[in-house]
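# Summary of structural features
Below are the chains, spelled out letter by letter.
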Amino acid sequence: MTIDTTNMCSHLQRKLLEGEYKTIREQIEADLTLSAVVRSRQLHIYRDGKKILVLAGKSAPKIIREDKLNQLI
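Attention here is on the structure that accompanies the text.

## Here we look at the overall build of the chain
- Looking only at helices and strands, the chain features two helices and four strands.
- Ordering the α and β elements of the chain from the N terminus gives α-α-β-β-β-β.
- In summary, the chain has a C-alpha radius of gyration of 11 Å against a globular reference of 11 Å for 73 residues, a match within 12%.
- Looking at the chain residue by residue over its 73 residues, the buried ones come to 37%.
- Sequence separation of 24 or more characterises 35% of the internal contacts of the chain that already satisfy a separation of 6 or more.
- Accessible surface, the chain as shown: approximately 4500 Å² in total, 48% of it carbon and sulfur.
- Of the side-chain charges in the chain, 13 are positive and 9 negative, and the distance between the mean point of each set is 7 Å.

Written as structure tokens, this is what we have:
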């Protein structure tokens, strides 16, 4: 899966492409059980249809559920 960055906050785009969230982006693209949707300029990450994490540009990530992806933050 590739992440559509058109409606995403510019700070978050930078963090995903070359910053601290780069490993999370790579994991989303490699793992078929993960999906990501851009809502309100934030990236909402799901595993098997259940929300696990919300990434924003300037604010801290919001951990919704415990998941192995959270260790990459």
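## A short note on the environment of I52
- Mapping I52 onto the fold places it in strand β3 (residues 50–55).
- Excluding its chain neighbours within four sequence positions, the residues that come into contact with I52 are L34, I45, Y46, R47, K62, I63, I64, R65, D67, L69 and N70.

## Quick notes on the environment of H11
- Its place among the elements puts H11 in helix α1 (residues 10–18).
- Distance from H11 to E66, taken between C-alpha atoms, is 25 Å for residues 55 residues apart in sequence.
- Ignoring any residue separated from it by four or fewer positions in sequence, one finds H11 in contact with G57 and K58.

How each quantity is defined
Residues numbered from 1 in each chain as written. Predicted model: local features only at pLDDT ≥ 70, side-chain atom pairs only at ≥ 80, totals over all residues. Heavy atoms only, no water. Helix = DSSP H or I, 4+ residues; strand = E, 2+ residues; numbered from the N terminus. Rg over C-alpha atoms; globule rule 2.2 N^0.38 Å. Buried < 20%, exposed > 50% of the residue type's maximum accessible area, 1.4 Å probe, protein only. Contact = heavy atoms within 4.5 Å. Areas by Shrake-Rupley, 256 points an atom, 1.4 Å probe, with all protein chains shown as cover. Lys, Arg positive; Asp, Glu negative; His and termini not counted. Charge placed at Lys NZ, Arg CZ, Asp CG, Glu CD.

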